[in-house]
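Here is what each chain is made of, one letter per residue.
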Amino acid sequence: MTAADSTRTFDLPIAVDAMGGDRGPEVVVEGVLDAIENYGGKFLIVGNRKFLYDAMSARGASGHPDITIIHAEDVITMEDSPVDAVRDKTHSSLVLAAREVREGRAAALISPGNTGAVLAAGTLLLGRIRGVERPGIATILPTATDHSVLIDVGANVDSRATHLLQFGIMGSIYARAILSIADPRVGLLSIGEERTKGNELTKEAFPLFERLFAESAHHGRFLGNVEGRDIVNGRADVIVCDGFTGNVVLKFGEGLAFTFIDLIRSRIKATPLRKLGALLVRGAFAEMKKKIDYTEYGGAPLLGVKHPCIICHGSSGPKAIMNAVRVTREALQFDICGRIERTIKTFNEESRNAS
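Here is a short report on the structure shown in this document. (Residues numbered from 1 in each chain as written. Predicted model: local features only at pLDDT ≥ 70, side-chain atom pairs only at ≥ 80, totals over all residues. Heavy atoms only, no water.)

**Looking at the overall build of the protein**
For clarity, the threshold we go by: Elements are defined by DSSP. Helices are runs of H or I of four residues or more, strands are runs of E of two residues or more, and each kind is numbered from the N terminus. For every residue, the accessible area (1.4 Å probe, protein chains only) is compared with the maximum for its type, and the residue is labelled buried under 20%, exposed over 50%, or partly exposed between those bounds. We call two residues contacting when some pair of their heavy atoms lies within 4.5 Å.
The helix and strand inventory of the protein stands at 14 helices and 11 strands. For the protein, buried positions account for 50% of its 355 residues. When contacts within the protein are restricted to residue pairs at least 6 apart in sequence, those whose partners lie at least 24 apart make up 72%.

The structure is reproduced here in structure tokens:
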């Protein structure tokens, strides 16, 4: 991406699917308005015109100069078949928002809708980056020391070893750009550290990772196999797995984090003395809760498509939408898609020359 292209990208609005989430278009509008107050920018909000105008009016933002509303007659629901819905519901908010990006009227796509449908829209409408076999969903997770990137967390239930290798490359690029990690430590998620441990997929992928990272330090350092505990202890900066495993890990982590917070709250309230002691550590608890709160991270990027595509949690509220905008702006600022395109092109050329 040239400097002129980068400037043009920031001149373009971000397209937001307002209808796909669990909590309705009102929270999407509120989140976008909060994002404008904090980060600026222009937006195309796509959804039912009446609902969106009512939501804008409720916030005293009717006719906001930085928001354009695009009417959508249809909605892709959580129950819809993802690929069929993207192909058949051509006037849905998700499809229309994706088209705005594909046709160059918007720079990026944000949606809290059906994850499979957003994946299908990203792949079919935005298009895969040339040379990327399968896009992967990346998410940033809190660790004991800082943060890490887990990829794939749900785009591909079944993966091949070469897919995992490309996930590692894309995750490393994302960690460098977004987490400012100069030399990412990349691990392959398995059931033991020994290279002989794991299923057929991880065993096949291990030598591919070993060869890639031995030949080019540009991608970071390959740690070998890492185990489940290494996701949160800070040992690795990028953890690579298939989408089935990654999604289970992600959902388990979300549930465990908030169960842990609820348990602490209930135990603290058990006695007056504990309540008094809690006042002394209230700040520490607030910091911990903020670090594990998914709304702070906004959304997960679909890496491997031609334009930034941010998938939000279905139950996202205004805070999560606002932070999804922040994540989108970072992806544009650091030209994540362009970096992936250039790196995958070089990698594939080197692989062909070596064979």
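**Remarks on the sheet that holds strand β9 (residues 238-240)**
The test is simple: Strand pairing requires that DSSP identify at least two bridges connecting the strands. Every axis corresponds to a line fitted to the C-alpha atoms, with the helix fit spanning only the stretch in contact, and the corresponding angles, defined between N-to-C directions, vary from 0 to 180 degrees.
Read from one edge to the other, the open sheet built from 11 strands follows the order β3-β2-β1-β4-β11-β10-β5-β6-β9-β7-β8, with strand pairing classed as mixed. Looking at strand neighbours, the two that pair on one side only are β3 (67-71) and β8 (221-226), the edges of this open sheet. Strand-to-strand twist across the sheet, computed as the mean angle between neighbouring axes with direction ignored, equals 25°. Helix-sheet contacts for helix α7 (residues 161-178) involve β5 (136-142), β6 (147-151), β7 (185-189), β9 and β10 (300-303), and the interaxial angle to β9 is about 160°. Contacts between helix α13 (residues 318-333) and the sheet are confined to β1 (14-17), β2 (43-47), β4 (108-111) and β11 (309-311), with β4 contributing the most and set at about 155° to the helix.

**Describing the pairing of β7**
With four of five residues buried, β7 lies mostly within the body of the structure. In terms of strand pairing, β7 meets β9 through three bridges, oriented parallel. Across the sheet, residue glycine 187 finds its bridge partner in β9, namely isoleucine 239.

**A word on the packing of helix α2 (residues 25-39) against α13**
To be explicit about the condition: Convention used here: angles under 35 degrees read as roughly parallel, angles over 145 as roughly antiparallel, angles from 65 to 115 as roughly perpendicular, and any remaining angle as oblique. Helix crossings get a hand from a simple test, with the near helix turned counterclockwise from the far one by less than a right angle marking a left-handed crossing and a clockwise turn marking a right-handed one. For this scheme, ten residues count as nonpolar: Ala, Val, Leu, Ile, Met, Phe, Trp, Tyr, Cys and Pro. Four count as charged, namely Asp, Glu, Lys and Arg, and the remainder, Gly too, count as polar.
Between α2 and α13, whose axes approach to 7 Å, the crossing angle comes to 50°. Classified by the interaxial angle, the pair formed by α2 and α13 is oblique. Both α2 and α13 take part in a crossing whose hand is right-handed. Facing α2, whose interface residues are Val27, Val28, Glu30, Gly31, Val32, Asp34, Ala35, Asn38 and Tyr39, α13 presents Pro318, Ile321, Met322, Asn323, Val325, Arg326 and Arg329. In the contact of α2 with α13, the residues fall into nine nonpolar, three polar and four charged.

**Observations regarding a nonpolar patch on the surface**
Stated formally: The patches described consist of residues with a relative accessible area above 30% and no salt bridge, like charges being joined within 9 Å and nonpolar side chains (Val, Leu, Ile, Met, Phe, Trp, Tyr) within 5 Å. Residue-level accessible areas treat just the shown protein chains as cover; the underlying method is Shrake-Rupley with a 1.4 Å probe. Any carboxyl oxygen of Asp or Glu within 4 Å of a side-chain nitrogen of Lys or Arg constitutes a salt bridge here.
A surface patch of nonpolar side chains, amounting to about 290 Å² of accessible area, comprises Val157, Phe244 and Val248. What makes phenylalanine 244 exposed here is its relative accessible area of 52%.

**Focus on the nonpolar core**
Nonpolar side chains in soluble globular proteins tend to be buried together. Heads up, the condition is: Side-chain atoms within 4.5 Å link the members of a nonpolar core, which is a set of buried Ala, Val, Leu, Ile, Met, Phe, Trp, Tyr and Cys residues.
If you look at the biggest cluster of nonpolar residues, it comprises 63 residues, and the most contacted ones within it are Val32, Phe209, Val240 and Ile340. Counting residues per element, this core draws most heavily on α7, at 11 residues. When near neighbours in sequence (up to four residues on either side) are disregarded, valine 240 contacts Ile151, Leu164, Phe167, Gly168, Val186, Gly187, Leu188, Leu189 and Phe209.

**Regarding the packing of aromatic side chains**
As a reminder of what qualifies: Stacked, edge-to-face and tilted are the three classes for Phe, Tyr and Trp ring pairs, Trp counted by its six-membered ring, which pair at centre distances within 6.5 Å; planes under 30 degrees apart are stacked, over 60 edge-to-face, the rest tilted.
Counted under the stated rule, the structure contains four aromatic pairs. Aromatic side chains phenylalanine 209 and phenylalanine 213 sit 6.2 Å apart centroid to centroid with 5° between the ring planes, which places their arrangement in the stacked category. Here phenylalanine 209 pairs with phenylalanine 213, and both are found in helix α8 (residues 200-215), just four residues apart, close to one helical turn. For the residue pair phenylalanine 209 and phenylalanine 213, the accessibility class agrees, reading buried in each case. Grouped by ring-pair contacts, the aromatic residues Phe206, Phe209, Phe213 and Phe222 constitute a single cluster.

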